[in-house]
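Geometric and topological summary
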Amino acid sequence: MSTNPKQKITQLLNQHRPGTLYLAGWLERNGVPRELQHSYLRSGWLESLGAGAFRRTGDELSWLGAIATLQSQAEARIYPGALTALTLQGYAHYARLGKQRVYLFSPPRTTLPAWFRNYDWGALIRHTKTSLLRSGLLSELVFSPGR
């Protein structure tokens, strides 16, 4: 990224995928130090979702965008599964009543960050840790915005 703070925020905002977030560690690895992140917060370019997570001011977030962020920026192995995966593939053939249920699966030692657990995604999130997720088994399910 550029060294000029104004150019950095411009680049970040131009590359932003709607519905996704910025993780503090990823920003730092990409040339935006913590002090500059806080400056962007104070100036209103970014909003904090909790420790280590930011959204573009005014951006509507989705649980799917948050999972995409965790997969791409934190290399987290968290995947939609069960009925959620079928729905994402277009195989759900029913009218949903009430809040959407989202089923997420991950390896046993994976923990969803506090900012994810505490945010109201407008859905009931069910996170299941399982040893059935072998390395590479679900690599084709990694969310790619724009698919």
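The text that follows walks through the structure, step by step, so that each part is easy to find.

About the cut-offs
Residues numbered from 1 in each chain as written. Predicted model: local features only at pLDDT ≥ 70, side-chain atom pairs only at ≥ 80, totals over all residues. Heavy atoms only, no water. Core = buried A, V, L, I, M, F, W, Y, C linked by side-chain atoms within 4.5 Å. Buried < 20%, exposed > 50% of the residue type's maximum accessible area, 1.4 Å probe, protein only. Helix = DSSP H or I, 4+ residues; strand = E, 2+ residues; numbered from the N terminus. Domains from an automatic or database assignment. Contact = heavy atoms within 4.5 Å. Salt bridge = Lys/Arg side-chain N within 4 Å of Asp/Glu carboxyl O. Pairing = 2+ DSSP bridges. Axes fitted to C-alpha atoms, helices over the stretch in contact; angles between N-to-C directions. Polar contact = N/O pair within 3.5 Å; in protein donor to acceptor, adjacent residues only side chain to side chain. Phe/Tyr/Trp six-rings, centres within 6.5 Å; stacked < 30°, edge-to-face > 60°.

1. Observations concerning the nonpolar core
Ranked by internal contacts, the top residues of the largest apolar core, which has 19 residues, are Leu70, Leu104, Trp115, Phe116 and Trp121. Among the secondary structure elements, those contributing two or more residues to this core are helix H4 (63–73), strand S5 (100–106) and helix H6 (114–118). With five residues, the single largest contributor to this core is H4. Mapped onto the domain boundaries, this core takes at least three residues apiece from domain 1 (5–56) and domain 2 (77–129). Those residues within four positions of Phe116 in sequence are excluded, and the remaining contacts are Trp63, Ala66, Ile67, Leu70, Leu104, Trp121 and Ile125. Counting 11 residues, the second largest nonpolar core, distinct from the first, contains Ile9, Leu12, Ala24 and Leu36.

2. So, the pattern of salt bridges
Side-chain pairs of opposite charge can arise where the charged atoms are in close proximity. Enumeration according to the criterion identifies two salt bridges in this entry. Among the ionic pairs, Glu47 bridges to Arg55, the shortest N-O distance being 2.8 Å.

3. Some points on the sheet that holds S5
Ordered in space as S4-S5-S6, the three strands form an open sheet in which the pairing is mixed. The sheet is open, and its two borders are formed by strand S4 (79–80) and strand S6 (123–129), each paired with just one other strand. Taken together, the two bridges between S4 and S5 define a ladder with antiparallel strand orientation. Along S5, the bridge assignment pairs Tyr79 with Phe105. Across the sheet, H4 is in contact with S4, S5 and S6; its angle to S5 comes to roughly 10°.

4. What to know about the side chain of Thr20
Among the structural elements, Thr20 can be located in the loop between helix H1 (5–15) and strand S1 (22–23). Since its relative accessible area comes to 10%, Thr20 is described here as buried. Within the local environment of Thr20, its side chain forms a polar contact with the backbone oxygen of Arg17, the two atoms lying 2.6 Å apart. Among all residues touching Thr20, those that are not within four sequence positions of it are Asp59, Leu61, Gly65 and Thr69.

5. Remarks on the environment of Arg117
Its place among the elements puts Arg117 in helix H6. Note: C-alpha distance between Arg117 and His127 (10 residues apart in sequence) is 9.9 Å. From its side chain, Arg117 meets the backbone oxygen of Leu112 in a polar contact 2.2 Å long.

6. Points about the packing of aromatic side chains
For any pair of aromatic rings, the description rests on two quantities: the centre-to-centre distance and the angle between the ring planes. In total, this model carries four aromatic pairs according to the counting rule given. When the centroid spacing of 6.1 Å and the interplanar angle of 70° are considered together, the rings of Trp115 and Phe116 count as edge-to-face. Of the two residues, Trp115 and Phe116, neither departs from the other in class, the shared state being buried. With centroids separated by 4.4 Å and ring planes inclined at 55°, the aromatic side chains of Tyr119 and Trp121 adopt a geometry described as tilted. Owing to a relative accessible area of 26%, Tyr119 belongs among the partly exposed residues under this scheme. Members of the aromatic cluster, joined through ring pairs, are Trp115, Phe116, Tyr119 and Trp121.

7. Description of the environment of Thr69
Among the structural elements, Thr69 can be located in helix H4. Taking the C-alpha atoms as reference, Thr69 lies 9.8 Å from Ala53; in sequence the two are 16 residues apart. Not counting residues up to four positions away in its chain, the partners in contact with Thr69 are Thr20, Leu21, Leu23 and Ala74. At 3.0 Å, the side chain of Thr69 forms a polar contact with the backbone nitrogen of Leu21.

So far we have only geometry, and geometry alone does not tell us how the molecule works.
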